[in-house]
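A look at the structure
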Amino acid sequence: MVKLKTERIPLPPKLGQPAQRALASAGINTLEDCCRFRETELAKLHGVGPNALTKIKAAMAEHGLYFN
């Protein structure tokens, strides 16, 4: 029997509030959720700027996750 991974990796803790609100309104609450999107799609969200994208990309790479 294969054990499925149920733990979800949270978004980086130091994201600004505007980025957190924009991601939450798009249904993105974990790093795994980010994998459903392209980087350019997240960049278009109002509140998600270059600084937030850098933090998200670094956290995703640390866990072996990548944008779609």
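To be clear, the structure that these remarks concern was listed above.
Here goes a summary of the coordinates provided. Every chain's residues receive numbers from 1 upward, in the order its sequence appears when written. Only residues with pLDDT of at least 70 are given local features in this predicted model, and only at 80 or more are side-chain atom pairs given and counted; all residues enter the totals for whole chains, interfaces and linings. Side-chain numbers here rest on the full set of heavy atoms in the structure, without hydrogens or water.

1. A short note on the nonpolar core
Soluble, globular proteins show a tendency: their nonpolar side chains are buried together. The criterion is simple. A nonpolar core is a set of buried Ala, Val, Leu, Ile, Met, Phe, Trp, Tyr and Cys residues joined through side-chain atoms within 4.5 Å. For each residue, the accessible area found with a 1.4 Å probe, counting protein chains only, is set against the maximum for its type, and the residue is called buried under 20%, exposed over 50%, and partly exposed in between. Membership of the largest hydrophobic core comes to 19 residues, with the highest contact counts inside it found for Leu23, Leu31, Cys34, Leu42 and Ile56. Of all elements in the fold, only α1 (17-25), α2 (31-34) and α4 (50-62) reach the threshold of two or more residues within this core. Ranked by the residues each element gives to this core, the list is headed by α4, at five residues. Every residue in contact with leucine 42, bar those within four places of it in the chain, is listed here: Leu23, Ile28, Cys34, Phe37, Val48, Leu53 and Phe67. Here a strand is any run of E in DSSP of at least two residues, a helix any run of H or I of at least four, and the numbering for each starts at the N terminus. By the convention used here, residues are in contact when the closest approach between their heavy atoms is within 4.5 Å.

2. Thoughts on the environment of proline 18
Its location among the elements puts proline 18 in helix α1. Residue proline 18 is classed as partly exposed on the basis of its relative accessible area, which comes to 42%. Distance in space between the C-alpha atoms of proline 18 and glycine 47 is 4.7 Å, their sequence separation being 29 residues. Among all residues touching proline 18, those that are not within four sequence positions of it are His46 and Gly47.

3. Overview of the side chain of threonine 30
Assignment of secondary structure puts threonine 30 in the loop between α1 and α2. What makes threonine 30 buried here is its relative accessible area of 10%.

Interpretation in functional terms is not warranted from these geometric data alone.
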